[in-house]
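Spelled out, the chains give:
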Amino acid sequence: MTEILQQIINGIAIGGVYVLIALGLTIVFGILGIAHFAHGSVSMFGGYLTFFLVVQQGLPLVLAIAIALVTGMVLGVLIELLAYRPLRNANHINAFIVALGLTMMVEGANLQFFGAEQIVIPTNASRVFDIGGLTLPELRLYVILGAAVLIAAMTIFVEETKTGQAIRAVAENRDAAILMGINVQMIPLVVFAISTALGVAAGVMVGSLFAIAPGVGEGLVVKGFAVLILGGLGSIPGAVVGGIVLGVTEALAAGFISSAYKDVIAFIVMIAVLLLRPQGLMGRA
Amino acid sequence: MGKRLLTCSVMALLMGTGGLAAQETLTIGVADALTGGAAVYGLPQANSVEMAAGEINAAGGISVGDQTYMLDVIVYDDKANPTEATNAVRKLIDRDGVKYLLGFCCSGATGAVASFIGYEDAVMLVGNAAERSITTQGLTNLVRTRPPADYTGAAAGAFVARQGHKRVAVLGALETSFYASYVEAFEEEFAQAGGEVIAHEVFASKDRDMSPQLTKIRAMSPDALLVVGYVEPAAFAYRQATELGMDIPRYGFTSGSEEQFLRVATSEQMEGVWDLRPTELTLQSATEAGLAYHANYTERFGDAPSPSSPYAYDQAWALKHAIEAAGTVDDTEAVAEALRDLQVFPEAVMQYLPVDGKMFDANGQAYTANGAFQWQDGHWVFVEELPSDPAAYSEFLSSLD
């Protein structure tokens, strides 16, 4: 029993990262209908930038993360303004192609600025907590708490603030939102800023828990889309549940079956869920 | 994309030839992993060949009769991928006209090239790639400076048993054949001493989260953990074992440098870890040539060399001596034969154990001693030599198809 609980804790930490990636994707997809493939590469950019600020510039980790988050928000705004906005009324295939091109551009920029070497963001979080036979490394604890805080903050923002209500209104019915006096030009900028900040946070978590290297972002965005489909397209609670389910499934599969098949097993679970609930775990029928 | 490096120096032009001998350029090729997960082995190897070529040129080049040859090195990135390696070597042979191929850090890529090199007018010198079958195919134009993985695995199994462990769990890249052969030999020796391997958990070279496998291993309460794999996943395994509170001895087979491990884990997380591997470059175990190599490499590239990188450095010097002994650069058969007859030379950084007085045995295989290294206060410390019998292993290797 202890082993199962330990595997679940292992899975929740990585699941938290998946949730943040999926939340960023789901708000962009839910509101703008864009499959933002570059999200993983942008996320890695955040991790690289944090590493650069900590290791090369000697900044404290918390300050480096704050700068990376703000830079990520600015980058998100620029992506919306320069890449996606000009295509707003064009065919969906155009945005799809731009998304793929953007992925290559951001990946190439990461390679150019930060090099091809794998990097690990250094932290001082090396303590281990023992709770009733279960071990919780300090770093994983921070990742779980960080993800929980960001999920809560985003939920409150979307549910409780005027801007959040405006975002939901645009997602529901863009034309009605215009009639209600909502500035629909501003909403995509806010959405991309939030989405990219969440991606940067996920990148920092991946970079400190594991490592960042060329290609890691692509794997992450595939998992993000899997969570999106598992939880239900455009559903914020679905992204949260889907991310945790995927993370825990992977951990249990690796621990009890084989790590070689953990991705396969996680995707089999996803397919099984979709056969029973085509709209995803929390999606609307 | 290839990197062409002309390493001839003006000094070399002016010295040693007395103005009488004609001077030409001999181009040698390197195919190695310069990017990707295996670059931790491949890039230092490519650097080592470049450095050795510079030193050979500065010392007057390679003398063949009245001719003096300065080395010119072409380096291609094979990404440790069999297809990329095949393409890189084909380019070297077909387009660049290269006859001497060096580098080769990784077994999959090396095995692909070895499968056709026997039909080529070329000589292949293999470095860090440790898959046994590379030197069991009867290829007369191939030699390898690194001993096969199972040669080391058997010595490691005996060593771990001597530490009093009875139940060992293995975590590693067991889907890679040379790591699997290390573990197989380890297990055989360990079982003979009354031990048992109670788990074989696998990770892939790109995996960075080994906590599920380690959680499973922890529940089995082993006496010790054996980690075999590339440096980076192995470093994560060591780090995550401490994060899971696993307070058991950790052994490994990785050949990573201190800098490479410290990029992933802290020195505290690494404290006490053993690396059971060929006695490669570690300052405590280095000869004068090894110390000079370490100092020159660090000065030239700004990073300390990885322990396995001298396998490639020694390739370049072995080639120089073989060409000089054969008295030709064009007759690759004669050079390959001269390599087989070569004795260990003074510039060698690794401490080779000759078989019948020669550096390479009849299979083209060189041997070093095996060693037990332990992480102590931020450094790999050479603790003891592991029993190694190259003559017996060479005989065993010859008995294989």
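Residues numbered from 1 in each chain as written. Chains lettered and ligands numbered in written order. Predicted model: local features only at pLDDT ≥ 70, side-chain atom pairs only at ≥ 80, totals over all residues. Heavy atoms only, no water.

S.K.: Explanation requested: the sheet that holds strand 11 (residues 250-253) of chain B in the structure shown.
M.R.: Residue and element names in this part refer to chain B. Spatially, 9-8-10-11-12-13-14 is the arrangement adopted by the seven strands of the open sheet, whose pairing is mixed. Each of the sheet's edge strands pairs with one partner strand only, and the pair in question is strand 9 (196-202) and strand 14 (379-386). With direction set aside, neighbouring strand axes in the sheet form an average angle of 25°. For strand 12 (residues 274-278) and strand 13 (residues 370-376), the ladder comprises five bridges, and the chain directions are antiparallel. Looking at the pairing, Pro-278 lines up with Asn-370 of strand 13. The strands that helix 6 (residues 177-192) touches are strand 8 (167-172), strand 9, strand 10 (224-228), strand 11 and strand 12; relative to strand 9, the one it contacts most, it runs at about 165°. (Pairing = 2+ DSSP bridges. Helix = DSSP H or I, 4+ residues; strand = E, 2+ residues; numbered from the N terminus. Axes fitted to C-alpha atoms, helices over the stretch in contact; angles between N-to-C directions. Contact = heavy atoms within 4.5 Å.)

S.K.: Is there a simple way to explain unusual backbone geometry in this structure?
M.R.: For residues that are not glycine, phi is negative in most cases, and the peptide bond is trans in most cases. Residue and element names in this part refer to chain B. Non-glycine residue Phe-104 carries a positive phi angle of around 65°. Residue placement: Phe-104 occurs in the loop between strand 5 (100-103) and helix 4 (107-117). For Phe-104, a relative accessible area of 1% gives the class buried. One non-glycine residue with positive phi stands out, namely Asp-377, at about 50°. For Asp-377, a relative accessible area of 66% puts it in the exposed group. (Buried < 20%, exposed > 50% of the residue type's maximum accessible area, 1.4 Å probe, protein only.)

S.K.: What is the right way to look at the environment of Val-49 of chain B in this model?
M.R.: Residue and element names in this part refer to chain B. Positionally, Val-49 belongs in helix 2 (residues 39-58). With a relative accessible area of 0%, Val-49 lands in the buried category. As a C-alpha pair, Val-49 and Val-73 span 24 residues in sequence and 8.0 Å in three-dimensional space. The residues touching Val-49, leaving out its near neighbours within four places in the chain, are Ile-28, Val-30, Val-73, Leu-102, Ala-312 and Gln-315.

S.K.: I would appreciate a short explanation of the domain arrangement of chain B in the present structure.
M.R.: Where interface size is given, it is often the accessible area lost as the parts come together that is meant. All names here are of chain B. For chain B, the assigned domains read domain 1 (3-146 + 308-368) and domain 2 (150-284 + 371-399). Here the C-alpha centre of domain 2 lies 30 Å away from the C-alpha centre of domain 1. If you look at the interface, domain 1 gives 24 residues, while domain 2 gives 25 residues. In total, domain 1 and domain 2 occlude about 2100 Å² of area from one another, counting both sides; carbon and sulfur atoms represent 57% of this. Area buried by domain 1 at its contact with domain 2 is led by Tyr-41, Arg-132 and Tyr-367, which between them contribute 27% of it. Our count for the contact surface shared by domain 1 and domain 2 stands at one salt bridge. Between Arg-132 and Asp-150 there is a salt bridge; the shortest N-O distance is 2.6 Å. Joining domain 1 to domain 2, the criterion identifies nine residue pairs in polar contact (both at pLDDT 80 or more). (Domains from an automatic or database assignment. Buried area = accessible area lost by both parts, 1.4 Å probe. Salt bridge = Lys/Arg side-chain N within 4 Å of Asp/Glu carboxyl O. Polar contact = N/O pair within 3.5 Å; in protein donor to acceptor, adjacent residues only side chain to side chain.)

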